[in-house]
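# Residue-level structural notes
So you can see what is in the structure, the chains are spelled out below.
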Amino acid sequence: MGSDPVMAEPAARATTESDEQRARRLAWERARIAEADEDIAAGRVISGDEALEWLDRWAAGEDLEEPDLRG
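Residues numbered from 1 in each chain as written. Predicted model: local features only at pLDDT ≥ 70, side-chain atom pairs only at ≥ 80, totals over all residues. Heavy atoms only, no water.

## Some words on the packing of aromatic side chains
Inspection of the entire model under this criterion finds one aromatic pair. When the centroid spacing of 6.4 Å and the interplanar angle of 5° are considered together, the rings of Trp54 and Trp58 count as stacked. Here Trp54 pairs with Trp58, and both are found in helix α2 (residues 48-59), just four residues apart, close to one helical turn. Take Trp54: its relative accessible area is 22%, and that puts it in the partly exposed class. (Phe/Tyr/Trp six-rings, centres within 6.5 Å; stacked < 30°, edge-to-face > 60°. Helix = DSSP H or I, 4+ residues; strand = E, 2+ residues; numbered from the N terminus. Buried < 20%, exposed > 50% of the residue type's maximum accessible area, 1.4 Å probe, protein only.)

## So, a nonpolar patch on the surface
Side chains of Leu52, Leu55 and Trp58 sit close together on the surface and give an oily, nonpolar patch of about 340 Å² of accessible area. Its location among the elements puts Leu55 in helix α2. (Patch = residues over 30% accessible without salt bridge, like charges linked within 9 Å, V, L, I, M, F, W, Y side chains within 5 Å. Areas by Shrake-Rupley, 256 points an atom, 1.4 Å probe, with all protein chains shown as cover. Salt bridge = Lys/Arg side-chain N within 4 Å of Asp/Glu carboxyl O.)

Remember, this is a structural readout, not a statement about activity or role.
Here is the structure:
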């Protein structure tokens, strides 16, 4: 037995998306990840606690401005 944690395989999703829809979704996801990577590299981030607080307030229906991103 190794000491490495075992990562669970993601559960298969029941889906009816076509190959074309899947390709579009994956392209969209790749673009969002690239955008996030650019933001992180430029220092446009907020702390996890700040993000959670903002999300809690947003979920509660508060009319909020976008979080203050450092960068």
